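Listed below, chain by chain, are the residues.
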Amino acid sequence: MSTPNAVPVSLAEIARIAGVGRAAVSNWRRRHDSFPTRIGGTDVSPQFSLSEVEQWLRDNGKLKDIGGREFLWPRFEALGSRDESGLAVAESARRMRTPRARVSHAELSDKAIELVGDAARLGRSEGPRETFEFLMQRWLETHVRQLSTTPAPLAALMTRIALAVRLGADQSGLTVFDPACGTGHLPAAAVQEYNGPGLVALGCERDPALAALASARLGFITENRDVRTEIATADALREDPFAGVRADIALCNPPFNERDWGYEELATDQRWTHGLPPRTEPELAWVQHLLSHLKPGGAAVVVLPPAVASRKAGRRIRGSLLRTGVLRAVVALPPGSAQPHSVSLQLWILRAAPDSPASAPPSQDALLVDATRFARPGAREPGPDWDALGSFVLSAVQALDSPDDVLPESAVRVPLLDLLDDEVDVTPGRYTASNAEPSSLELAASWGELGDSLVELAGHVQHLSKLGFEAEAPQTTATVGDLVKAGAVTLRAGQQPSETTASPRRSTVPLLTVADLLMDGTPSGLAGADAAHAIAEEGDVVVAGVVRAYKAWVHEGPPMALGPQLYALRVDQEKLDANFLAGCLRAPANGRQAGTHASSSSRVDIRRLQVLQLPLEEQAVYAETFRRLTGFEALLTRADTLGTGLVRDLSDRLAAGGLTA
């Protein structure tokens, strides 16, 4: 029997420890009577004792030659609290580097302090930095719904931009500042990108666990280097711990859409030299906070949501930033560059006025760069082609102060007179779209892609046309409601988020609504990533429960919140294949049968939808055919889009003349 203090682990965690897939662990559990009994969780998501699992794996020769880190992490997760586990990981790192150091976080429990000691000893034997990076990465993955981090390639690109744009480089050193540093991705990138002497990295973070992890991360990165680091735990806007400090470069990925940023108490703050940010424009407060910490000629690069470039409430401040020459460039990033992955975020590049006007001529324009074409929509992992994106953006930015240099395609210099209109909209796509005529190479690539799509379509046609069906084969079905009662499916309904849920760095999952499905299927909003929302994880089946937009699919990619009339179904993999379930639910006749038919906006009763009852082995055959049918549909859509685009582009080229063949 397991003890009450046993450390629980899930099937997924056991699979990770053993280095196998979750299906293999489920198979062990089914075939071996000696497999440990469940100590918690549910039938769908059971939990087992870590010590019993470890012993069983060793006794049955299922344990590969792995270090102790895999067995260490479940103990951190068992602490329960996000904050305590984060502080414990940070404290472990400190003890790995300084074994005799006293515990610096008095709020840690006795259980956590004992774990810190064990982790420190393991880290010193298996590699302190490697052990810390492993534990922190697992912590970030566990709490991905609550945290927003800056991907390492983006952090490196932001650092390179800032170093390229700043004026009057001081040969004696460099000061880097990040007032909302999270777990330290941006300061860490600055430390890694800058190889000169006298580096000072300053950061501020209001969340104690994140601040502790950032400090621990920088401690490892700066070992044996002439670098001074300081991470303060404070709300940088309300209680600036670095007031009066001036930096050469500032980097920031601030919280988005945060209404409670201190509007009332900071109304007369001296930092608002370009105007008091409206309550609904906290991002412009962060922009001015960064500017207040720059040395003359210093540069800042900040990640912002695209709406900041065009919202009416912020146009007065945007106008001031342009007129004074502070806002030098805006770069539209591809979707997937950072959380939220469905949104095309922007980099604002700012520079403080130099001491001497001769250092840089007065600004007469702003550089607007549209880099959204570097997205990789077909890639399984979110993120653009970072190498190509970085080269493109840096080539554009390096021409910032050289008006005679030729800019790359999709980058334009826009005169301030054109920007300072009634809207003061600095969205790059608004000004680069007119220069987006496809080149001969791009047209050739489109023709090639269309040809490849048609070849794939022919293959699907050949396969699908040969499918045979028995005319009167009786088949039994079960409703989704029956599957929920049997524990084969967990059903969760989406809902409309409140205003307070789509806030700061702790809530950055994209929100999908029925309206989005009726457009292009791309989530258009944000929602709080908490238990109050139906969050679709990778592998969940998502169903739109309204007749006019009825569809079902297996979700791929990062977590996504669901709005009203959308549902997430999570299957028990020992009973149901997710692709088989989605295929059955997707059948138009199924939606019609379960719909109310009162109007085009009628709802579909999800629990009444029918699913074939088949053994798991037979489901796999159906699932593969459903996948092929879905691929056939996607190829048809893609071929239609490519063909329509080619007709449009060729028509424009023909109408302009110059036909050679």
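Our subject is the structure that appears above.
These numbers were taken from a predicted model, which means no experiment stands behind them.

## Quick notes on helix α19 (residues 578-586)
- Buried residues dominate α19, accounting for 7 of its 9 residues.
- For α19, the set of buried residues is Ala578, Phe580, Leu581, Ala582, Gly583, Cys584 and Leu585.

## Points about a nonpolar patch on the surface
- There is a patch of nonpolar side chains on the surface, built from Trp447, Leu650, Leu654 and Leu659 and spanning about 430 Å² of accessible area.
- Here leucine 654 shows up in helix α21 (residues 616-655).
- A relative accessible area of 54% means that leucine 654 is categorised as exposed.

## Quick notes on the sheet that holds strand β15 (residues 509-512)
- Strand order across the open sheet formed by 4 strands is β16-β15-β20-β17, with mixed pairing between neighbours. For this open sheet the edge positions go to β16 (525-527) and β17 (535-536), each flanked by a neighbour on one side alone.
- Looking at chain direction, β15 and β16 are connected through 3 bridges and run antiparallel. Pairing of valine 509 across the sheet is with alanine 527, part of β16.

## What to know about the pairing of strand β11 (residues 365-370)
- Within β11, 5 of the 6 residues are buried, which leaves it mostly tucked inside the rest of the structure.
- Strand direction decides the pairing type here: strand β9 (residues 327-332) and β11, joined by 4 bridges, are parallel. Note that in β11 the partner of valine 331 across the bridge is valine 369.
- Relative to strand β12 (residues 411-415), β11 is paired through 5 bridges, and the arrangement is antiparallel. Looking at the pairing, leucine 368 lines up with valine 412 of β12.

## A look at the pairing of strand β4 (residues 174-178)
- Among the 5 residues in β4, 5 count as buried, and that is most of the element.
- Residues Leu174, Val176 and Asp178 line one face of β4 and the alternating positions Thr175 and Phe177 line the opposite face, and both faces are buried.
- Note that β4 and strand β5 (residues 199-205) share 5 bridges and pair parallel. Each residue of the ladder has a partner; that of aspartate 178, found in β5, is glycine 203.
- Regarding topology, helix α9 (residues 185-193) serves as the crossover connection from β4 to the parallel β5, and that connection is right-handed.

## Here's the deal with the pattern of salt bridges
- A full pass over the atoms with the stated rule returns 29 salt bridges.
- One salt bridge in this structure joins arginine 82 and aspartate 207, with 2.4 Å as the shortest N-O distance. Taken together, the residues span a long stretch of sequence, with arginine 82 in helix α5 (residues 82-97) and aspartate 207 in the loop between β5 and α10 (208-221) at a distance of 125 residues.
- Residue arginine 82 is classed as buried on the basis of its relative accessible area of 7%.
- For arginine 228, the salt bridge identified is with glutamate 230, shortest N-O distance 3.8 Å.
- When its relative accessible area of 45% is taken as the criterion, arginine 228 is described as partly exposed.
- A single salt-bridge network, built from bridges that share partners, covers Asp235, Arg238, Asp260 and Glu265.

## Thoughts on the sheet that holds strand β3 (residues 46-49)
- Spatial ordering of the open sheet is given by β1-β3-β2, a layout of 3 strands whose pairing is antiparallel. With one partner strand each, in any of the chains shown, β1 (8-10) and β2 (40-41) form the two edges of the open sheet.

## Looking at the layout of surface pockets
- Computed from the structure, the second largest pocket encloses a volume of approximately 530 Å³.
- If you trace the second largest pocket, you find 14 residues lining it, with Gly468, Phe469, Leu612, Tyr622 and Phe626 closest to the centre.
- Looking at the lining of the second largest pocket, the element that brings in the most residues is α21, giving 5 residues.
- A per-class count over the lining of the second largest pocket returns 10 nonpolar, 3 polar and 1 charged.

## Re the packing of aromatic side chains
- This model, assessed by the stated rule, comprises 10 aromatic pairs.
- Ring geometry for phenylalanine 177 and phenylalanine 242: centres 5.9 Å apart, planes at 80°, overall edge-to-face. Of this pair, phenylalanine 177 sits in strand β4 while phenylalanine 242 sits in the loop between β6 (227-233) and β7 (247-252); the two residues are 65 residues apart in sequence, bridging distant segments of the chain. No difference in accessibility class separates phenylalanine 177 from phenylalanine 242, as the two residues are buried.

## Here's the deal with the nonpolar core
- Membership of the largest hydrophobic core comes to 52 residues, with the highest contact counts inside it found for Met158, Ile161, Leu251, Val331, Leu347 and Val393.
- The residues touching valine 393, leaving out its near neighbours within four places in the chain, are Ile161, Val331 and Ala371.
- One finds Ala232, Trp348, Ala366 and Leu416 within the second-largest nonpolar core, a separate group that totals 46 residues.

## A few points about the environment of valine 455
- For valine 455, the location among the structural elements is in helix α16 (residues 440-464).
- Between the alpha carbons of valine 455 and threonine 625 there is a distance of 19 Å; along the sequence they are 170 residues apart.

Reading the values: the criteria
- Residues numbered from 1 in each chain as written.
- Predicted model: local features only at pLDDT ≥ 70, side-chain atom pairs only at ≥ 80, totals over all residues.
- Heavy atoms only, no water.
- Buried < 20%, exposed > 50% of the residue type's maximum accessible area, 1.4 Å probe, protein only.
- Helix = DSSP H or I, 4+ residues; strand = E, 2+ residues; numbered from the N terminus.
- Patch = residues over 30% accessible without salt bridge, like charges linked within 9 Å, V, L, I, M, F, W, Y side chains within 5 Å.
- Areas by Shrake-Rupley, 256 points an atom, 1.4 Å probe, with all protein chains shown as cover.
- Salt bridge = Lys/Arg side-chain N within 4 Å of Asp/Glu carboxyl O.
- Pairing = 2+ DSSP bridges.
- Right-handed = clockwise from strand over helix to strand, strands pointing away.
- 1 Å grid on protein atoms, 1.4 Å probe; cavity = no way out; pocket = protein on both sides within 12 Å on 5 of 7 lines; lining within 4 Å.
- Points joined across faces, edges and corners; volume = space filled by probe spheres on them.
- Nonpolar A, V, L, I, M, F, W, Y, C, P; charged D, E, K, R; others polar.
- Phe/Tyr/Trp six-rings, centres within 6.5 Å; stacked < 30°, edge-to-face > 60°.
- Core = buried A, V, L, I, M, F, W, Y, C linked by side-chain atoms within 4.5 Å.
- Contact = heavy atoms within 4.5 Å.

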